[in-house]
Amino acid sequence: MAEFYVLEPPGVGLVPTWQWLMATWFGTGLVVPLRAGLAVFALLPLLVVSIKMPRLAVPMFAVLIFALGVYVSSAIDLATGVKDDRRIVIDEVAAFLIGASLIRQAGWRMLVPFAALFLFFDRLKPWPMAYVEQVPSGWGVMLDDLVPAVAVGLVLAVAQHFWNRQSR
């Protein structure tokens, strides 16, 4: 059975509190062994509520979180010398929201399979994700999660589109 514990925040005392709070997505990245999965699944209620929002609300929020992620990841990298600290999960959050925006176009039924596949490929880091990770600073931290999110999101959106056409 997995043991749960909480890690110390990355860059605590070296960066402002709001930066490590955002980087760890309000502390979810500090909970071992759940980190990225907890951060991603914590977003599901937000996405359910967003059904009533304009279509561009989630993508615009995702882009904002992505830009913020580049900033705080870079700040923590500069302060600690650790490029992609495992406690930083804002990259998974932003990428998941961007991928979820693609899924929304096809229907929310694919959201949970998308989350599972995204987290699987994010952990596995096949090519080109491992290559993208080498991009310097916070950009590499954020982009290596964006690649699997967009790839899985597009595949599931296309699959859902053909499923919908076939069931008519």
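This structure is a prediction, so every number in the text was calculated from the model and none was measured. (Residues numbered from 1 in each chain as written. Predicted model: local features only at pLDDT ≥ 70, side-chain atom pairs only at ≥ 80, totals over all residues. Heavy atoms only, no water.)

### A closer look at helix H6 (residues 111–124)
Each turn of an α-helix holds 3.6 residues, which means side chains three or four residues apart point in the same direction. We apply this condition: Elements are defined by DSSP. Helices are runs of H or I of four residues or more, strands are runs of E of two residues or more, and each kind is numbered from the N terminus. Take the number of residues in a helix, subtract one, and multiply by 1.5 Å to get its expected span. Here the term buried applies to any residue with accessible area under 20% of the maximum for its type, exposed to any over 50%, and partly exposed to those in between, with areas from a 1.4 Å probe on protein chains only. Directions from the helix axis toward the C-beta atoms define the arc.
In this model H6 runs 20 Å from its N-terminal to its C-terminal C-alpha over 14 residues, within 8% of the 20 Å that 1.5 Å per residue would give. Turning to H6, its buried residues are Leu111, Phe114, Ala115, Phe118, Leu119 and Asp122. On an axial view of H6, the arc spanned by its buried residues comes to 125°, and they lie on one face. In the stretch just after H6, Lys125 is the one whose phi turns positive, near 55°.

### Observations regarding unusual backbone geometry
In this structure, the amide linkage connecting Val32 to the following residue, Pro33, adopts the cis form with an omega of 5°. As for its position among the elements, Pro33 is in the loop between strand E2 (31–32) and helix H2 (35–41). At Phe26, a position not held by glycine, the phi torsion is positive, near 60°. The topology assignment puts Phe26 in the loop between helix H1 (17–23) and E2. A relative accessible area of 53% places Phe26 in the exposed class. Look at Ser137: it is not a glycine, yet its phi comes out positive at around 60°. Looking at the element boundaries, Ser137 is found in helix H8 (residues 137–166).

### Regarding the environment of Val63
Along the chain, Val63 falls in helix H4 (residues 57–80). Between the alpha carbons of Val63 and Gln19 there is a distance of 17 Å; along the sequence they are 44 residues apart.

### Observations concerning the pattern of salt bridges
Counted only if it meets this: A side-chain nitrogen of Lys or Arg and a carboxyl oxygen of Asp or Glu constitute a salt bridge if their distance falls within 4 Å.
Applying the stated rule across the entire model yields four salt bridges. In this structure, Asp144 engages Lys125 in a salt bridge whose closest nitrogen and oxygen atoms are separated by 3.0 Å. Note that Asp144 is positioned in helix H8 and Lys125 in the loop between H6 and helix H7 (129–132), a separation of 19 residues in sequence. Judged by its relative accessible area of 0%, Asp144 is buried. The network of salt bridges with shared partners includes Asp122, Lys125, Asp144 and Asp145.

### Overview of the nonpolar core
Definition in use: Among the buried residues, those of types Ala, Val, Leu, Ile, Met, Phe, Trp, Tyr and Cys that are joined through side-chain atoms within 4.5 Å form a nonpolar core. Contact between two residues is taken to exist if any of their heavy atoms lie within 4.5 Å; hydrogens are not considered.
Membership of the largest hydrophobic core comes to 44 residues, with the highest contact counts inside it found for Trp25, Ile90, Phe96, Leu97, Phe114 and Phe118. Elements that contribute at least two residues to this core include exactly H1, H2, helix H3 (44–49), H4, helix H5 (90–106), H6 and H8. When residues in this core are grouped by element, the largest group, nine residues, is from H5. Once residues within four sequence positions are removed from consideration, Leu97 is found in contact with Leu43, Leu46, Leu47, Val58, Phe61, Ala62 and Ile65.

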